[in-house]
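# Fold and contact review
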Amino acid sequence: MNEGVVIIGGGIGGLCAALALERAGLRARVFEGGEGLRAEGGALLMWSNAMRVLGWLGVAEAVSRAGAVVVGGAIRDSQGGLLARGDIGRLGQQLGAPTVCVPRRALLEILAGALAPGSIVFGARCEGVSQVGERAVAIFEGGRQVGGDAVIGADGLRSAVRAAVLGERAPEYVGQTVWVGVARRAGIALEDGVATASVGLGLRFWSVCLGPEQVYWYATLKSPEGQREESAKAEKAALLERFEGWGGPIPALLAATRARDIVRTDSFDRPPAERWSSGRIGLVGDAAHPMTPDIGQGGCQAIESAWHLAWCLRRDPENVERALLAYAWDRWPRASEVAAMSRAVATQGDVDAPLMCQARDAMLRATPEALLEMPLRHVLTLPPTMVPPTEAPWQRGQS
Ligand SMILES: Cc1cc2nc3c(=O)[nH]c(=O)nc-3n(C[C@H](O)[C@H](O)[C@H](O)COP(=O)(O)OP(=O)(O)OC[C@H]3O[C@@H](n4cnc5c(N)ncnc54)[C@H](O)[C@@H]3O)c2cc1C
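A few points on the structure. (Residues numbered from 1 in each chain as written. Predicted model: local features only at pLDDT ≥ 70, side-chain atom pairs only at ≥ 80, totals over all residues.)

## Focus on the sheet that holds strand 3 (residues 43-46)
One open sheet accounts for three strands, arranged 3-7-4; its pairing is antiparallel. Each of the sheet's edge strands pairs with one partner strand only, and the pair in question is strand 3 and strand 4 (68-70). Each neighbouring strand pair of the sheet contributes to a mean axis angle of 30 degrees, computed without reference to strand direction. Two strands pair when backbone bridges link them, and strand 3 and strand 7 (residues 99-103) are joined in this way by four bridges, in the antiparallel orientation. Across the sheet, L44 pairs through a bridge with V102, a residue of strand 7. The sheet contacts of helix 5 (residues 104-114) involve strand 3 and strand 7, and relative to strand 7 the element is tilted by about 95 degrees. (Pairing = 2+ DSSP bridges. Helix = DSSP H or I, 4+ residues; strand = E, 2+ residues; numbered from the N terminus. Axes fitted to C-alpha atoms, helices over the stretch in contact; angles between N-to-C directions. Contact = placed C-beta atoms within 7 Å.)

## Observations regarding the site of the ligand
Taken together, 35 residues lie around the ligand, and G9, G11, G156, G285 and G298 are the ones closest in. Listing elements by their share of the shell around the ligand, those giving two or more residues are helix 1 (12-23), strand 3, strand 13 (172-184) and helix 9 (298-315). For the shell around the ligand, the per-class residue count stands at 15 nonpolar, 15 polar and five charged. (Near = placed C-beta within 6 Å. Nonpolar A, V, L, I, M, F, W, Y, C, P; charged D, E, K, R; others polar.)

## Concerning helix 5
Those residues of helix 5 that fall on the buried side of the exposure criterion are R104, L107, L108, I110 and L111. Along helix 5, the residues classed as buried sweep out an arc of 160 degrees about the axis, all on the same side. Turning to helix 5, the residues buried within the fold contact helix 1, strand 3, helix 3 (60-66) and strand 7. (Buried ≥ 20, exposed ≤ 12 C-beta atoms within 10 Å, placed from the backbone. Arc of directions from axis to C-beta.)

## A short note on the sheet that holds strand 8 (residues 120-121)
Taken together, six strands build an open sheet; the order of strands is 8-2-1-12-19-18 and the sheet is mixed. Two strands bound the open sheet, and with one partner strand each, they are strand 8 and strand 18 (277-278). Here strand 18 pairs with strand 19 (residues 281-283) via two bridges, running antiparallel. Within the sheet, the bridge partner assigned to S278 lies in strand 19 and is I281. Packing against the sheet, helix 1 makes contact with strand 1 (5-8), strand 2 (28-31) and strand 12 (150-153), and its axis sits at approximately 170 degrees to strand 2.

## Re the packing of helix 1 against helix 9
Orientation of helix 1 relative to helix 9, taken along the N-to-C sense of each, is 30 degrees, at an axis distance of 8 Å. Relative to helix 9, the element helix 1 is oriented roughly parallel. The handedness of the crossing between helix 1 and helix 9 is right-handed. Note on element contacts: helix 9 touches helix 1 through G299, A302, I303, S305, A306, W307, L309, A310 and L313, opposite I12, G13, C16, A17, A20 and L21. (Parallel < 35°, antiparallel > 145°, perpendicular 65-115°, else oblique. Left-handed = near helix turned anticlockwise from the far one by under 90°.)

## Focus: the pairing of strand 11 (residues 145-148)
Two elements, strand 10 (residues 135-140) and strand 11, share four bridges in a ladder whose sense is antiparallel. Note on strand 11: the bridge partner recorded for I139 is Q145.

## Description of the pairing of strand 12
Residues A150 and I152 of strand 12 are buried on one face, and the alternating residues V151 and G153, pointing to the opposite face, are buried as well. Looking at chain direction, strand 1 and strand 12 are connected through four bridges and run parallel. Of the residues in strand 12, the one forming a bridge with I8 is G153. Two strands pair when backbone bridges link them, and strand 12 and strand 19 are joined in this way by three bridges, in the parallel orientation. Bridge assignment links V151 to a residue of strand 19, and that residue is I281.

Taken by themselves, the reported measurements are silent on function.
Okay, structure coming up:
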């Protein structure tokens, strides 16, 4: 490789890909369409699988410091009755890294700050890509062209690079709308370090402390696409009404959130793509494998994919096309499986028939913790294709 890699999009996927490539001794530049890092949407769970990779990238400690470690999980009914519990702290110990809830902005700033100075170009909106001989070229608004050994689309759910590689196709609405917010914690009784999901009739609420002062929450509702209240204030009022009478801290958390800090978005994913690259043009993160937010793995999978992309390019620098095919070959089954699990959780969460909800609650109450933990453990365990730094050639000092 001579010119390095051109990455389109400065989200989690793009920044991690650039960092992993840098760590692998390869040159990478990130071209972000926005004028700065795009961090709307409160916070994120960085599960153990992602935290392990962030550790390999040398930023896990900073991420832990910026967020709050999650040690437990609980599922409750709408009245606050306990349905199930999980020991996320023990899982993290067994898997080699904790799970951390971190503000989105902090995560992006840590990743961007770890890159070599000048690696990110803002205000660069990619409109197309092409391949000319041994060069991949990104074409930006205004006609500017930037070439490299590869162009990687890390430009999210509605990726322009993906459209060029796979053809235009709209993402699929999964029938659920999502609100996220950060509440002031003052005086609200909450279990520290416990991520709590509360489930009702087609409505769910999920919360976790983001530190001593703040609580990150997230609510979903089965809903037609595109519905919005006329203002942020009305959106908050409607949410308060929907969750009126729910047990535990939920109404208090909604009341303690400023209307302007509530972000509403609809939930989309896509069926697994048949390929993730065309020649020297590849995809990473949501551009390759978008998934619903229901198990908090979209960003985590972007981080796994970013690491593996760099590893494949480092291992096979003379044949970029083959490296991109190998990357997709390894990552496709894992990312597709996690996306399918995420969609399944979204579908279960949308159940709104009272009898079905009662059956769900009874099933959760009766299921032993070890059994409930199995799918989570599976998702949080890095696949064998992920090569830790001790085995990566760049860490062994080979060139
Ligand atoms: C409500 C919600 C909660 C979530 N919670 C979690 C969670 O707890 N844990 C988790 O791991 N994941 C979570 N996710 C998923 C996670 O947010 C995404 O999977 C992750 O952000 C994907 O990162 P990305 O870099 O691939 O894409 P994005 O974050 O979408 O970043 C893409 C970047 O590309 C830029 N861009 C777009 N088009 C262009 C262009 N043409 N040219 C240049 N730049 C462009 C954008 O401005 C953006 O900065 C959640 C998602 C939602 C919606």
